[in-house]
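Survey of secondary and tertiary structure
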Amino acid sequence: MRWLPVLLVLSLLACAQEDPPPPPAKKDGRAETRNIRNVNTMGINGEALANKIDASLNAQEEAERRRKEQAESQSDAVAGAADEPPQ
């Protein structure tokens, strides 16, 4: 009979509800700049810095995409001109 209260307490502890896990970290920005967002402890605004880097990387990718499109359209125009018979 002495073990009954101990067993009761142990069973209540075993069935106790655990704290829910913290929500996953919000994934903002590009993978390349996620770590930069954590430099706030050094006195640097990591959010603003990472946002500027993200914008710069996006602009570089957009410029590269436009260059490729121009190169393709120019090569198509040259190939089309070569296919035409001379007059």
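This section reports on the structure supplied with the text. (Residues numbered from 1 in each chain as written. Predicted model: local features only at pLDDT ≥ 70, side-chain atom pairs only at ≥ 80, totals over all residues. Heavy atoms only, no water.)

**Quick notes on the pattern of salt bridges**
Two side chains carrying opposite charge are able to pair once their charged atoms lie near each other. Counted only if it meets this: One side-chain nitrogen of Lys or Arg within 4 Å of one carboxyl oxygen of Asp or Glu is enough to make a salt bridge. Only DSSP runs of H or I reaching four residues or more are called helices, and only runs of E reaching two or more are called strands; each is numbered from the N terminus. The cut-offs for exposure are 20% and 50% of the maximum accessible area for each residue type, with area from a 1.4 Å probe on protein chains only; residues under the lower value are buried, those over the upper are exposed, and the others partly exposed.
Counted under the stated rule, the structure contains 4 salt bridges. Residue glutamate 62 is joined to arginine 66 by a salt bridge in which the shortest nitrogen-to-oxygen separation is 3.4 Å. In this pair, glutamate 62 and arginine 66 are both assigned in helix 2 (residues 46-83), 4 residues apart and thus about one turn of the helix distant. For glutamate 62, a relative accessible area of 28% gives the class partly exposed. With relative accessibility at 52%, the residue arginine 66 sits in the exposed group. In this structure, the salt-bridge partner of arginine 67 is glutamate 64, at a minimum N-O distance of 2.7 Å. One end of the pair is arginine 67 and the other is glutamate 64, both in helix 2 and 3 residues apart, which spans about a single turn. What makes glutamate 64 partly exposed here is its relative accessible area of 35%. The structure contains a network of salt bridges with shared partners spanning Glu62, Arg65, Arg66 and Glu69.

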